[in-house]
Amino acid sequence: MHTDTLNPALAAAKAQIEAVLHEHDLAAHVVLHAAPGDLQFFGRLDPSYSRISCHVDEHGIDHVRLFSSLAHYGGDAAAQARDLAATANMVRGFAQLLAQAADHYAALANWVDGHVGATHGALQPVAAVAPTTH
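Residues numbered from 1 in each chain as written. Predicted model: local features only at pLDDT ≥ 70, side-chain atom pairs only at ≥ 80, totals over all residues. Heavy atoms only, no water.

**Topic: the overall build of the protein chain**
Logical step 1: Of the regular secondary structure elements, the protein chain holds two helices and four strands.
Logical step 2: When the helices and strands of the protein chain are listed from N to C terminus, the series reads α-β-β-β-β-α.
Logical step 3: Sorting the 134 residues of the protein chain into buried and exposed places 21% on the buried side.
Logical step 4: Considering only residue pairs separated by 6 or more positions, the protein chain has 38% of its internal contacts joining residues 24 or more positions apart.
Logical step 5: Of the accessible surface of the protein chain, which amounts to about 9,300 Å², a share of 61% is contributed by carbon and sulfur atoms. (Helix = DSSP H or I, 4+ residues; strand = E, 2+ residues; numbered from the N terminus. Buried < 20%, exposed > 50% of the residue type's maximum accessible area, 1.4 Å probe, protein only. Contact = heavy atoms within 4.5 Å. Areas by Shrake-Rupley, 256 points an atom, 1.4 Å probe, with all protein chains shown as cover.)

Right, here's the structure in full:
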């Protein structure tokens, strides 16, 4: 599977999904796949309530900052607490659901590979598929 792709279908789908996320002020974690093995991964952690700021520097290193100064809220401690709680819930929820999904997909991938005789390298196309009688 290839993760660094310019697959037009994936690029178009990503743009549409990102537009919907912005329109509805939603956070998300998205993985798209197109045959034969192109993948597109992206996320949004910066809806209006989020206190997280993410960016990738010129060296490709991810930087994440948590912003929450009471001054940003004009002294409104209740609004600050609301946004911090929403941010913490967002990140913890993603962590828990993605961990469960990873376990599920790993088991499913092993089951499918076993039935079709597939072998894989790290994020590479399927190296071989053995015929099966299942």
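Text resumes after the structure shown.
**What to know about the side chain of aspartate 57**
Logical step 1: In this structure, aspartate 57 sits in the loop between β3 (52-56) and β4 (62-66).
Logical step 2: Of the side chains with opposite charge, arginine 65 lies nearest to the buried aspartate 57, which makes no salt bridge, at 12 Å.
Logical step 3: Among the polar contacts made by the side chain of aspartate 57, one reaches the side chain of histidine 63 at a distance of 2.8 Å. (Lys, Arg positive; Asp, Glu negative; His and termini not counted. Salt bridge = Lys/Arg side-chain N within 4 Å of Asp/Glu carboxyl O. Polar contact = N/O pair within 3.5 Å; in protein donor to acceptor, adjacent residues only side chain to side chain.)

**Quick notes on the nonpolar core**
Logical step 1: Core analysis: the biggest nonpolar cluster contains seven residues, these being Leu10, Leu21, Ala28, Val30, Leu32, Ala34 and Phe42.
Logical step 2: The set of elements that each furnish at least two residues to this core consists of α1 (8-23) and β1 (28-34).
Logical step 3: Top element by residues in this core is β1. It accounts for four residues.
Logical step 4: What valine 30 contacts, discounting residues up to four positions off in sequence, is Ile17, Gln40, Phe41 and Phe42. (Core = buried A, V, L, I, M, F, W, Y, C linked by side-chain atoms within 4.5 Å.)

**Observations concerning the pattern of salt bridges**
A side chain of one charge can pair with a side chain of the opposite charge when the charged atoms of the two come close.
Logical step 1: All told, the structure shown has three salt bridges when counted by the stated rule.
Logical step 2: The residue glutamate 18 makes a salt bridge to lysine 14 at a minimum N-O spacing of 3.9 Å. Linking glutamate 18 with lysine 14, this pair stays in helix α1, spanning four residues, or about one helical turn.
Logical step 3: Residue glutamate 18 is classed as partly exposed on the basis of its relative accessible area of 31%.
Logical step 4: For lysine 14, a relative accessible area of 23% gives the class partly exposed.
Logical step 5: The salt bridge involving aspartate 83 is made with arginine 82; its shortest N-O contact spans 3.3 Å.
Logical step 6: Look at aspartate 83 and you get buried, because its relative accessible area is 7%.

**Looking at α1**
Logical step 1: With 16 residues, α1 should reach 22 Å at 1.5 Å per residue; the first-to-last C-alpha distance of 23 Å fits that figure.
Logical step 2: The distance from a side-chain oxygen at the start of α1 to the backbone nitrogen of alanine 9 is 2.8 Å, and the residue carrying that oxygen is asparagine 7.
Logical step 3: Once α1 finishes, aspartate 25 follows within two positions and takes phi at roughly 55°, a positive value. (Expected span 1.5 Å × (residues − 1).)

**A short note on the pairing of strand β2 (residues 38-44)**
Logical step 1: With five of its seven residues buried, β2 lies for the most part within the structure.
Logical step 2: Hairpin remark: β1 followed by β2, antiparallel, with three residues in the connecting loop. (Pairing = 2+ DSSP bridges.)

**Things to note about the environment of histidine 63**
Logical step 1: Here histidine 63 shows up in strand β4.
Logical step 2: For histidine 63, the residues in contact, after removing those within four places along its chain, are Ser53, Cys54, His55 and Asp57.

**Concerning the environment of asparagine 7**
Logical step 1: By the secondary structure assignment, asparagine 7 is in the segment before α1.
Logical step 2: C-alpha separation for the pair asparagine 7 and alanine 34, spaced 27 residues apart in sequence, amounts to 8.1 Å.
Logical step 3: When neighbours within four sequence positions are excluded, asparagine 7 is seen to be in contact with Ala34 and Asp38.

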